[in-house]
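Tertiary structure, described
Chain by chain, the residues:
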Amino acid sequence: MRNTTRHALLVSTLLAAASCGGSTQSSKVGQPTATGATQSDDMSYAESASGAPMADREYAPGRSAIASNVAGARPAPVPQASAPTTSDDYARVDENSYKTSQEQAFSTFSIDVDTASYSNARRFITSGHLPPANAVRIEEFINYFSYDYANPTTDVPFAVHSETTTAPWNPAHELLRIGVQGQRMDNSELPQRNLVFLIDVSGSMSNADKLPLLREGFKMLTQTLGEEDYVSIVVYAGAAGAVLLPTSGANQDTIMGALDKLQSGGSTNGGQGIQLAYKLAEQNFDPNAINRVILASDGDFNLGMTNKGALIKLVEEKRKSGVYLSVLGFGRGNLKDATMEQIADKGNGNYSYIDSAREAQKVLVDEGGSTLITIAKDVKIQVEFNTDAVKSYRLIGYENRMLAKEDFDNDSVDAGELGPGHSVTALYEVEPKAGRGKQPMASVKLRYKRPDSEKSELLTHAISQKHAAFAKASQDMRFATSVAGFGLLLRNSKHSGSLTWSALLAMAEDAVGNHKSEHRQEFLKLLGLASKLAGPKAELAN
């Protein structure tokens, strides 16, 4: 069992997390703290860590944004979620264009296990709106679902699979699917967990689909913890503080009680919160455990370290300590999707969007192992197309994961992480050369690092020469293609060819069939809703 006596020693060092120089000196009202933020009241970091976790102390209402968030005062009424607005922030996505194999035979990209785009789009659609085009990242749609790929049979932590078929929206083209399957792991095999819940309790988090849903999700995760697992809770609004020092998962009531006391109010100093959370995780670091900060927020950092570049630099530096960062997005109308996606990417974590208790269950419980554990890091894929067999090609999605050819062999270039049980799927649309015969379309190489290594290993994969008409392709191939088609139509993509909503519905119904996955069955319903929202004009346009 972990030595719990060191937890008391954390108290005296927590304040250093809130300043680059590690000072614990308090700041007076209105004076800048060591991080450059302005202290909004008379509660200093020294007070927040002076002997007891903040949740165990009494504060007068109004003394501090943090104090009001954890002091157990009467909750403010929770307003109803508003309709989607344009204040959500998404990074621009310029779809990958076709590349000629003669000019650019190599295609290199990082894997991506984020799923936020799909669940966020679901939130739009079930609310009666189609998502904005830049909110649709097709690779996250495809990778939201698991696939029936076989497990690896060697000591490599993942297996690689491939398949080709005819593109249903352009019969003259072919689709190449590359699938990566992480080694599946039983829950009994999971290592101990050293987790820090980093929770945004600012005023923007008051809606029912934000802090209340966040609290419910973390309670679900807490219920999966055992005696050897440890949880800390850091909250941030106008200032940051520790609500719960490292606590064994056996103390369920203590953890639940700390979550129950959280209330929203104040501005959002995400930078200070992240620094404090990392400090706490590092102080309780266990080399044999999962050491991870889980940031839950709408991403609206409006006080302190608001510069996205500075936040990214911070998490890039902190990942070297072995503490990784995952991000859970919540809410609508003010969702800073672009910031949260990049923070998770640079923190060697993943980005999920929680739109319901059911999604919280999927991300934090059902897929908790793959979400929190890393079995391979900096995973890169490089496809070399045969210039004698392929005229042109394009990768569907992964626009913000593209790498230069030279980056493949450069171990200093960051790439995505893979967890146990993760399925990663990529689809290429390929324009074959006439009369290519039975020549191979392409070859595939992958590079990855073991979790405890900084030197990459090389893996090669021979693409299957078997080609089937789309109707004869595997169920997984047809389903992944249907999901990609959904993304193409939502983006109103110029690459959607002859695809229509009605054709896509028929394709997806056939691909889902009697598959046992409730998420695939739900996909059909979501597709039906989206087709109605698109209306007959969209059908004619395609």
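The preceding data block contains the structure.
This is a predicted model, so every value here is computed, not measured.

Once that is clear, we can look at the layout of surface pockets. Here the largest pocket is characterised by a volume of approximately 820 Å³. Along its surface, the largest pocket is lined by 34 residues, and Ser146, Asp366, Glu367, Ser370 and Gly421 are the ones closest to its centre. Tyr324, Thr374, Lys377, Pro451 and Asp452 are the residues nearest the centre of the second largest pocket, which is lined by 30 residues in total. Mapped onto the lining of the second largest pocket, the elements with two or more residues apiece are β8 (290-297) and β11 (376-385). In terms of residue count, β8 provides more of the lining of the second largest pocket than any other element does, three residues in total. Its residues assigned to classes, the lining of the second largest pocket comprises 13 nonpolar, six polar and eleven charged.

In this section: the packing of helix α6 (residues 211-222) against helix α11 (residues 357-366). Remark: α6 packs on α11, axes separated minimally by 9 Å, with the N-to-C direction vectors making an angle of 35°. Between α6 and α11 the crossing geometry is right-handed. Facing α6, whose interface residues are Leu213, Glu216, Gly217, Phe218, Met220 and Leu221, α11 presents Ala357, Ala360, Gln361, Leu364 and Val365. For the contact of α6 with α11, a count of residues per class yields eight nonpolar, two polar and one charged.

For the rest of this paragraph, the subject is the packing of helix α9 (residues 308-318) against helix α10 (residues 337-346). Where α9 contacts α10, the axes come no closer than 8 Å and their chain directions differ by 20°. As far as their axial angle goes, α10 and α9 are roughly parallel. Of the two possible hands of crossing, α9 and α10 adopt the one that is right-handed. Taken together, the residues of α10 that come into contact with α9 (itself represented by Lys308, Leu311, Ile312, Val315 and Glu316) are Ala338, Thr339, Gln342, Ile343 and Lys346. Per-class residue counts for the contact of α9 with α10 are five nonpolar, two polar and three charged.

Okay, the sheet that holds strand β7 (residues 240-248) next. Taken in spatial order, the six strands of this open sheet run β7-β6-β5-β8-β9-β10, and their pairing is mixed. Edge positions in the sheet fall to β7 and β10 (351-353), since each of these pairs with one other strand and no more. Each neighbouring strand pair of the sheet contributes to a mean axis angle of 15°, computed without reference to strand direction. The pairing of strand β5 (residues 193-200) with strand β6 (residues 230-236) spans seven bridges and is classified as parallel. Across the sheet, the residue bridging to valine 196 is serine 232, located in β6. Running at roughly 165° to β7, helix α7 (residues 252-260) makes contact with β5, β6 and β7 of the sheet.

Calculation criteria
- Residues numbered from 1 in each chain as written.
- Predicted model: local features only at pLDDT ≥ 70, side-chain atom pairs only at ≥ 80, totals over all residues.
- Heavy atoms only, no water.
- 1 Å grid on protein atoms, 1.4 Å probe; cavity = no way out; pocket = protein on both sides within 12 Å on 5 of 7 lines; lining within 4 Å.
- Points joined across faces, edges and corners; volume = space filled by probe spheres on them.
- Helix = DSSP H or I, 4+ residues; strand = E, 2+ residues; numbered from the N terminus.
- Nonpolar A, V, L, I, M, F, W, Y, C, P; charged D, E, K, R; others polar.
- Axes fitted to C-alpha atoms, helices over the stretch in contact; angles between N-to-C directions.
- Left-handed = near helix turned anticlockwise from the far one by under 90°.
- Contact = heavy atoms within 4.5 Å.
- Parallel < 35°, antiparallel > 145°, perpendicular 65-115°, else oblique.
- Pairing = 2+ DSSP bridges.

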